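# Descriptive structure summary
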Amino acid sequence: MTTPADLLPQSGAGAPFERGLALAMGDALPVPIRTALDPAAAPIAFLPFLAVHDGVRLWFSDWSEAVKRRVAAEAIVANFEVGTRAASARFLSYVDATIVATIAYPARFVVNRGAIGRTPVAHPDFTARYLVKTVTHKPPRAFTLGRGAIGRKPIRTPSREPFHRICAALRAAKAPESWYRVDFAHKRKLTFGDAPLLDGSHHVGDFVDRKRF
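Residues numbered from 1 in each chain as written. Predicted model: local features only at pLDDT ≥ 70, side-chain atom pairs only at ≥ 80, totals over all residues. Heavy atoms only, no water.

### A word on unusual backbone geometry
Phi is positive for Asp 96, close to 60 degrees, though the residue is something other than glycine. Its place among the elements puts Asp 96 in the loop between helix 6 (85-94) and strand 1 (97-104). (Helix = DSSP H or I, 4+ residues; strand = E, 2+ residues; numbered from the N terminus.)

### Structural notes on the sheet that holds strand 1
The three strands are arranged 1-2-3 in an open sheet whose pairing can be described as mixed. Looking at which strands have only one partner, the edges of the open sheet turn out to be strand 1 and strand 3 (179-183). If you compare each strand with its neighbour and ignore which way they point, the axes differ by 30 degrees on average. Where strand 1 lies against strand 2 (residues 127-134), seven bridges are found, and the strand directions are antiparallel. (Pairing = 2+ DSSP bridges. Axes fitted to C-alpha atoms, helices over the stretch in contact; angles between N-to-C directions.)

### Re the confidence of the model for the protein
Taken over all residues, the pLDDT of the protein has a mean of 78, while the share at 70 or more is 69%. Here strand 5 (residues 207-209) is the element of the protein with the lowest mean pLDDT, 74, and helix 4 (residues 65-73) is the one with the highest, 96. (pLDDT = per-residue confidence, 0-100.)

### Focus: the packing of helix 6 against helix 7 (residues 161-172)
Packing of helix 6 against helix 7 leaves a shortest axis separation of 8 Å and a crossing angle of 145 degrees. The interaxial crossing formed by helix 6 with helix 7 has right-handed handedness. Here Ser 88, Phe 91 and Leu 92 of helix 6 lie close against helix 7, whose contacting residues are Ile 166, Ala 169, Leu 170 and Ala 172. Along the lines of polarity and charge, the residues of the contact of helix 6 with helix 7 split into six nonpolar, one polar and no charged. (Left-handed = near helix turned anticlockwise from the far one by under 90°. Contact = heavy atoms within 4.5 Å. Nonpolar A, V, L, I, M, F, W, Y, C, P; charged D, E, K, R; others polar.)

### Considering the pattern of salt bridges
For the structure shown, the criterion picks out seven salt bridges. As a salt-bridge pair, Glu 74 and Arg 90 come within 2.9 Å of each other at their nearest N and O atoms. With Glu 74 in the loop between helix 4 and helix 5 (75-81) and Arg 90 in helix 6, this pair connects stretches of sequence that are 16 residues apart. Residue Arg 165 pairs with Glu 161 through a salt bridge whose shortest N-O separation is 2.8 Å. Pair noted here: Arg 165 and Glu 161 are both in helix 7, with a separation of four residues, about one helical turn. On the accessibility criterion, Glu 161 (34% relative accessible area) is partly exposed. Counted as one network, the salt bridges with shared partners bring together Arg 70, Glu 74, Glu 81 and Arg 90. (Salt bridge = Lys/Arg side-chain N within 4 Å of Asp/Glu carboxyl O. Buried < 20%, exposed > 50% of the residue type's maximum accessible area, 1.4 Å probe, protein only.)

### Quick word on the packing of aromatic side chains
All chains considered together, the criterion is met by five aromatic pairs. Ring geometry for Phe 60 against Trp 63: centres 5.4 Å apart, planes inclined by 80 degrees, an arrangement best described as edge-to-face. When sorted by exposure, Phe 60 lands in the same class as Trp 63, which is buried. Between the NZ or CZ atom of Arg 165 and the centre of the ring of Phe 60, over which it lies, the distance is 4.1 Å. (Phe/Tyr/Trp six-rings, centres within 6.5 Å; stacked < 30°, edge-to-face > 60°. Lys NZ or Arg CZ within 6 Å of the ring centre and 35° of its normal.)

### Regarding helix 7
The end-to-end C-alpha separation of helix 7 is 16 Å, in line with the 16 Å expected for twelve residues at 1.5 Å each. Among all positions of helix 7, only Phe 163, Arg 165, Ile 166, Ala 168, Ala 169, Leu 170 and Ala 172 are buried. If you follow the buried residues of helix 7, they end up packed against helix 6, strand 1, strand 2 and strand 3. (Expected span 1.5 Å × (residues − 1).)

### Section: the nonpolar core
In this structure, Leu 58, Trp 63, Phe 91, Leu 92, Tyr 94, Val 95 and Ile 166 are the most contacted members of the largest nonpolar core, which totals 21 residues. For this core, the secondary structure elements donating two or more residues are helix 6, strand 1, strand 2 and helix 7. If one sorts the elements of this core by residue count, helix 7 sits on top with five residues. (Core = buried A, V, L, I, M, F, W, Y, C linked by side-chain atoms within 4.5 Å.)

### Some points on the environment of Thr 134
In this fold, Thr 134 is placed in strand 2. Its relative accessible area of 12% is what places Thr 134 among the buried residues. With 36 residues separating them in the primary sequence, Thr 134 and Thr 98 have C-alpha atoms 6.7 Å apart. At a separation of 3.2 Å, a polar atom in the side chain of Thr 134 contacts the main-chain carbonyl oxygen of Asp 96. (Polar contact = N/O pair within 3.5 Å; in protein donor to acceptor, adjacent residues only side chain to side chain.)

### Details of the layout of surface pockets
Of the volumes computed, that of the second largest pocket is approximately 300 Å³. Taken together, 15 residues line the second largest pocket, and the ones lying closest to its centre are Val 95, Asp 96, Val 135, Pro 162 and Arg 165. Element by element, the count of residues in the lining of the second largest pocket is highest for helix 7, at three residues. Residues of the lining of the second largest pocket, tallied by class, amount to six nonpolar, five polar and four charged. (1 Å grid on protein atoms, 1.4 Å probe; cavity = no way out; pocket = protein on both sides within 12 Å on 5 of 7 lines; lining within 4 Å. Points joined across faces, edges and corners; volume = space filled by probe spheres on them.)

This is the structure in structure tokens:
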């Protein structure tokens, strides 16, 4: 079968551009066109370009390959969900976070007990508030025992990167005009109102999961 490259002079004449164009017009291209647009089969080096092609709204280069393929595969569905609670839950799952509770206002009064700074009272209208749970990791050897000098052995605190990524996920899940607030305090102190068992499994000062604001 004659190919475009066969039409070039056999003596080796022809500019590099002409030879490259002839090869590009053939069917035997070394680019896997069929798999390049498939999130499950595309080479991992193609995934960032596939993410741009599919309109992915949230992307971190240090994600695992499995997460990158999942985000690319769900891009079209995720874009249709933008502005809904389903989108918030989906985008938060990409950054290893879950929604514990949410309040969409107007809902301006709190019945029963409230904690200053925690329980929203007279919250602004049209602003969603999220209680989000994520896992943070304490860096190894966070504290230095013995002699230490300020500036030489600083106390290392847990990274705030998970919190920054959660905020980025919520921004991606909402329209630019939307307002939201996020609370990461998904634990609270145990109280007698929780009816703790008196079998020694609970102690004063213990913390339990928050289920609502």
